[in-house]
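Reading the structure
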Amino acid sequence: QEQLVESGGGLVQPGGSLRLSCAASGRTFSSYGMGWFRQAPGKEREFVAAIRWANGYTYYADSVKGRFTISRDNAKNTVYLQMNSLKPEDTAVYYCAASSFGTQTSETMYDYWGQGTQVTVSS
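Attention here is on the structure that accompanies the text. The model shown is predicted, which means the values in this text are computed figures rather than measured ones.

With that settled, consider the overall build of the protein. Along its length, the protein carries zero helices and 11 strands. Ordered by position from N to C terminus, the α and β elements of the protein give β-β-β-β-β-β-β-β-β-β-β. Over its C-alpha trace the protein gives a radius of gyration of 13 Å, about what one expects of a compact globule, namely 14 Å for 123 residues. Along the longest, intermediate and shortest principal axes, the C-alpha atoms of the protein span 40 × 30 × 25 Å. Buried residues in the protein amount to 41% of all 123 residues. Here the protein displays about 6200 Å² of accessible surface, and carbon together with sulfur accounts for 44% of that area. One way to put it: in the protein the 11 positive side-chain charges average out to a point 6 Å from where the 10 negative ones average out.

Now the structure itself:
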């Protein structure tokens, strides 16, 4: 059974850093695009970043460009989201997802989802 498991969330002060991990199992995701989304309280889920597993092509939302970095470790079947210079507005539940359509920004194009991990940026 396909499974995506996120980890690495927590509480961090503004300006701090966190690294989220997404461990993939249950099938071969090598031809997939992997994305990170987030949902803040009272808001819709939004795209954060995506990476094409096969060639490492990346794409970012404007709100995180230059601060967040998405990467993957093929040997570990794990995708990462390095988040630097965190702001209070980055507070959200962060979700990992896999798309058979490559690097997509729309959540409707994603086939598999993790359970989410909470990131809170506060002093």
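Once you've had a look at it, read on.
This brings us to the packing of aromatic side chains. A full pass over the atoms with the stated rule returns nine aromatic pairs. Judged by centre distance (5.2 Å) and plane angle (80 degrees), the ring pair of F29 and Y32 falls under edge-to-face. Accessibility assignment for this pair places F29 and Y32 in one class, buried. Note on F37 and Y110: the rings are 5.0 Å apart at their centroids and 80 degrees apart in plane angle, and the pair reads as edge-to-face. A residue pair is termed long-range when its members are at least 10 positions apart, and F37 in strand β4 (residues 33-39) and Y110 in the loop between β9 (92-99) and β10 (112-113) qualify at 73 residues.

Definitions and limits used
- Residues numbered from 1 in each chain as written.
- Predicted model: local features only at pLDDT ≥ 70, side-chain atom pairs only at ≥ 80, totals over all residues.
- Heavy atoms only, no water.
- Helix = DSSP H or I, 4+ residues; strand = E, 2+ residues; numbered from the N terminus.
- Rg over C-alpha atoms; globule rule 2.2 N^0.38 Å.
- Buried < 20%, exposed > 50% of the residue type's maximum accessible area, 1.4 Å probe, protein only.
- Areas by Shrake-Rupley, 256 points an atom, 1.4 Å probe, with all protein chains shown as cover.
- Lys, Arg positive; Asp, Glu negative; His and termini not counted.
- Charge placed at Lys NZ, Arg CZ, Asp CG, Glu CD.
- Phe/Tyr/Trp six-rings, centres within 6.5 Å; stacked < 30°, edge-to-face > 60°.

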